[in-house]
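One letter stands for each residue in the lines below.
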Amino acid sequence: MGVSRRFFVSKAAFYISLFILSITTVFLLVRMMPGSPLDYLGGEAEDVPYILTEEVREKLLSYYGLDKPLWEQYIVFVNNLLHLNFGYSIYFSEPVTRILLPHLMRTLILITLGFLFSISISFPLSIISAWRRGSTLDTIITLLSMSIYSIPSFALAILFLIVFSVELKLFPLIGFSAEENILDILWYALGPAMVFAVAESGRAYYFMRNSFISELDKDYILFAKSKGLKNKTIILRHLLRGSLSPIISKLALLFGYSLLSCMFVENVFNYPGITWLLLISYEYYDYPVLESILLIFMFTVIVMNAIADIISFIIDPRVRGGWM
Amino acid sequence: MKALSFLGIKGKIGLIIILFVVFIGITAPVISPYDPTSLFEPFEPPSSTHLLGTDDVGHDVLTILIYGARVSILVGFATATISTFIGLLTALIAGCYEGLDPIISRILDFFLVIPRIPFIVIISAFLTPNIFIVILVLSFFGWAKTARVIKPLVKQVYSREYVKRLKCIGAGNWYIILRHILPATFPLAVAQFVLEGGHAILAEASIGFFGLEDPSTLSWGMEINHALQKSIIFLTNIWTWVLGPPILMLTITLLSTTFISIDLETRINPRLKVRSW
């Protein structure tokens, strides 16, 4: 018990310091961006040069709390975060959560669908090719997945659009419909999710194959084979059990990063997800929205790292002794 | 050809492609049919005067393609060099000086959670990303991965018997590091170098793809971005020459770096080896 408590305490301390560091980095980078959100309050800057008088400007600045020195803003920001208050969007003039949640939902639908597709493709394939390592089948699958891994995901997305939306007209060319019906949402997520799945499956396949191979080389698999166990039994009882821990923790990490890797696919499809919101809030210096999105990106990666740690702690008792 | 015997057939194919792209990049002013700034009629289909047609503003696509190779190779090579150098140095220090290891590990952990692309978006508000800024920013984000990969190997080599003997006969720490540990990490460092080069080329293209690069940069990513902004290219077959070639070049280049790095990886870790293809 003593060992695992020390493990959790030191890990928790590390992750909390990571959270603080990322909050500070995001805050400083965003608030110090040259430019001001007020430039865009009167509409598009290039169309209407909307000049605010000095008086109005000062009033607005103090309204949004931007007239205070940076360190005071920082305290307010952190205090708000601790109360789960993400602030009030300057550009959309609505609470950030109201703006953010629908877009985040769309992105989550996309990556969850895509992730499920990608694992259901790459998991069986990686077992087959690890089991029959060196065969022609393995060679072909590995070569294919390496090629897919190297193709940038936006290129895959463009290819998909050209083939399925432009030539075959099976999928819509724009990323969303006005109706907010769940079937519609899923329908518009399907194309990007498929592209995302293909793009991710190369990476997932490659690391799963590698962990299966290093497990297959161990003596106990050889022993199981020489006992005359059926292949199916060896794979299900021994191979999967032995290699599950690294695979699940790596999958958790991949899922954390997929919020980032889906940016390209979302952009090509004009999907109304978090990437769209990121680019809009960047363009209009909408500090609260921009900060929230960046924090979501960093927090997901950190949390998934933590989950990967916990999973490998639960599944693999060897980790308990060997940390730090 | 004997010097290349450490590469398998995959690696050799990759190397040939990369050398071809490097050749194009270096000789760009000589082999490109036009000056990169000269303008023609926009969206002209491929013909004998414009082998790959012209793009939305009237640049000759082949010329842009050739000059784009220059940007990609420069960014890939420079970023890989800088981040491998810093990463290797960090790994050596963290692996050989035990007291510094926990601090360095935590710094690496922080760098590994920074989302690269969103931060480049923010940074591009401070500085217009010309090639050199892109190289600096990508190296800033890239070195930690290299350090993380090489550090365990350094630790392992440093705890070997012969290093202890060297210490006993009075060898200095940096003598051991430079003469004995650095050469041992060399194969892994080369594999990381190629991998990081590929990542940098992809990241540079991604920055261009989001349209964040300096508008005067002639890169494949920017070309894709410009093309995608004109949805008219999908109504006719314009995309075949405006969008196709830069994507194809990018994919071929990335394929070759992946081929080389995976080939090197199977050489370092022979258990992963598939048949000798």
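Residues numbered from 1 in each chain as written. Chains lettered and ligands numbered in written order. Predicted model: local features only at pLDDT ≥ 70, side-chain atom pairs only at ≥ 80, totals over all residues.

**Some thoughts on the overall build of chain A**
Next up, step 1: Looking only at helices and strands, chain A features 12 helices and zero strands.
Next up, step 2: Secondary structure elements of chain A, listed N to C terminal, follow the sequence α-α-α-α-α-α-α-α-α-α-α-α.
Next up, step 3: By sequence separation, contacts in chain A at least 24 residues apart represent 77% of the contacts at least 6 residues apart. (Helix = DSSP H or I, 4+ residues; strand = E, 2+ residues; numbered from the N terminus. Contact = placed C-beta atoms within 7 Å.)

**Description of the overall build of chain B**
Next up, step 1: Secondary structure summary: chain B contains 11 helices and zero strands in total.
Next up, step 2: Mapped from its N terminus to its C terminus, chain B presents α and β elements in the order α-α-α-α-α-α-α-α-α-α-α.
Next up, step 3: Seen through its principal axes, chain B has C-alpha atoms that stretch 75 × 45 × 30 Å.
Next up, step 4: Burial analysis of chain B (277 residues in total) assigns 46% to the buried set.
Next up, step 5: Residue pairs in contact within chain B that sit at least 24 positions apart in sequence constitute 73% of those at least 6 positions apart. (Buried ≥ 20, exposed ≤ 12 C-beta atoms within 10 Å, placed from the backbone.)

**Quick word on the domain arrangement of chain A**
All names here are of chain A.
Next up, step 1: Taken domain by domain, chain A comprises domain 1 (19-82) and domain 2 (97-321).
Next up, step 2: With 12 residues of domain 1 at the interface, the matching set in domain 2 holds 10 residues.
Next up, step 3: Taken together, the residues of the side of domain 1 that touches domain 2 break down into eight nonpolar, three polar and one charged. (Domains from an automatic or database assignment. Nonpolar A, V, L, I, M, F, W, Y, C, P; charged D, E, K, R; others polar.)

**Looking at the environment of Leu170(A)**
Next up, step 1: Among the secondary structure elements, Leu170(A) is positioned in the loop between α6 (153-167) and α7 (182-216).
Next up, step 2: Once the C-alpha coordinates of Leu170(A) and Gly191(A) are considered, the two residues, 21 residues apart in sequence, prove to be 9.7 Å apart.

**Observations concerning helix α10 (residues 274-283) of chain A**
Next up, step 1: Taken across its 10 residues, α10(A) has seven buried, putting it largely inside the fold.
Next up, step 2: Along α10(A), the positions that sit buried rather than exposed are Ile274(A), Thr275(A), Leu277(A), Leu278(A), Leu279(A), Ser281(A) and Tyr282(A).

**Section: the confidence of the model for chain B**
Residues and elements named next belong to chain B.
Next up, step 1: Summarising the model, chain B shows a mean pLDDT of 84, and 95% of its residues fall at 70 or more.
Next up, step 2: Confidence scores differ between elements of chain B, with helix α10 (residues 239-242) showing the lowest mean pLDDT of 80 and helix α3 (residues 61-96) the highest of 91.
Next up, step 3: Below a pLDDT of 50 lies the segment residues 273-277, which in the model reaches 12 contacts outside its immediate sequence neighbourhood of four places, other chains included.
Next up, step 4: Predicted complex, confidence summary: ipTM 0.82, pTM 0.86. (pLDDT = per-residue confidence, 0-100.)

**A closer look at the packing of helix α6 (residues 131-158) of chain B against helix α8 (residues 173-209) of chain B**
Residues and elements named next belong to chain B.
Next up, step 1: Where α6 contacts α8, the axes come no closer than 9 Å and their chain directions differ by 155°. As summarised for this structure, α6 and α8 are arranged roughly antiparallel, according to the angle between their axes. For the crossing formed where α6 meets α8, the hand is right-handed. Contacts from Val134, Leu138, Gly142, Thr146, Val149, Ile150, Leu153, Val154, Val157 and Tyr158 in α6 reach Ile181, Ala184, Thr185, Leu188, Ala189, Gln192, Glu196, His199, Ala200, Ala203, Glu204 and Ile207 in α8.
Next up, step 2: Residues that form the contact of α6 with α8 fall into these classes: 15 nonpolar, five polar and two charged. (Axes fitted to C-alpha atoms, helices over the stretch in contact; angles between N-to-C directions. Parallel < 35°, antiparallel > 145°, perpendicular 65-115°, else oblique. Left-handed = near helix turned anticlockwise from the far one by under 90°.)

**Some points on the packing of α8(B) against helix α11 (residues 244-268) of chain B**
All names here are of chain B.
Next up, step 1: Remark: α8 packs on α11, axes separated minimally by 9 Å, with the N-to-C direction vectors making an angle of 160°. In terms of orientation, α8 and α11 fall into the roughly antiparallel class. Seen along the crossing, α8 lies across α11 with a hand that is left-handed. Contact with α8, carried on its side by Pro187, Leu188, Val190, Ala191, Val194, Leu195, Gly197, Gly198, Ile201, Leu202 and Ala205, involves Leu250, Thr253, Leu254, Thr257, Thr258, Ile260, Ser261, Leu264, Glu265 and Ile268 of α11 and no other residues of that element.
Next up, step 2: Residue composition of the contact of α8 with α11, by class: 14 nonpolar, six polar and one charged.

**Looking at the interface of chain A and chain B**
Next up, step 1: Between chain A and chain B, the residue contacts involve 41 residues of the former and 31 residues of the latter.
Next up, step 2: A total of seven residues in the side of chain A that touches chain B trace back to one element, the largest contributor, which is helix α5 (residues 136-150) of chain A.
Next up, step 3: Taken together, the residues of the side of chain A that touches chain B break down into 27 nonpolar, 11 polar and three charged.

**Side note on the environment of Phe313(A)**
Next up, step 1: Positionally, Phe313(A) belongs in helix α11 (residues 287-315).
Next up, step 2: Taking the C-alpha atoms as reference points, Phe313(A) and Leu244(A), 69 residues apart in sequence, are found 12 Å from one another.

**Considering unusual backbone geometry**
All names here are of chain A.
Next up, step 1: Not every positive phi belongs to a glycine, and asparagine 270 is a case in point at roughly 55°.
Next up, step 2: Asparagine 270 sits in the partly exposed class, given 19 other C-beta atoms within 10 Å.
Next up, step 3: A positive phi is found at tyrosine 285, a non-glycine position, where the angle reads about 55°.
Next up, step 4: Within the element layout of this structure, tyrosine 285 appears in the loop between α10 and α11.

**Some remarks on α8(B)**
Residue and element names in this part refer to chain B.
Next up, step 1: A rise of 1.5 Å per residue sets the reference length of α8, with its 37 residues, at 54 Å; its end C-alpha atoms lie only 46 Å apart and thus fall more than 12% short of the reference.
Next up, step 2: The sharpest bend along α8 measures roughly 50° and falls at phenylalanine 186, with the proline proline 187 sitting one to four residues further on.
Next up, step 3: Remark: glycine 211 follows α8 within two positions and exhibits a positive phi of approximately 70°. (Expected span 1.5 Å × (residues − 1). Bend = angle between axes of the 7 residues up to and from the residue.)

**Things to note about the nonpolar core**
Next up, step 1: Ala157(A), Val195(A) and Phe196(A) are the most contacted members of the largest nonpolar core, which has 143 residues in total.
Next up, step 2: The biggest single contributor to this core is α3(B), with 16 residues.
Next up, step 3: When residues of this core are sorted by domain, at least three fall in each of domain 1 (19-82) and domain 2 (97-321) of chain A. (Core = buried A, V, L, I, M, F, W, Y, C linked by C-beta atoms within 7 Å.)

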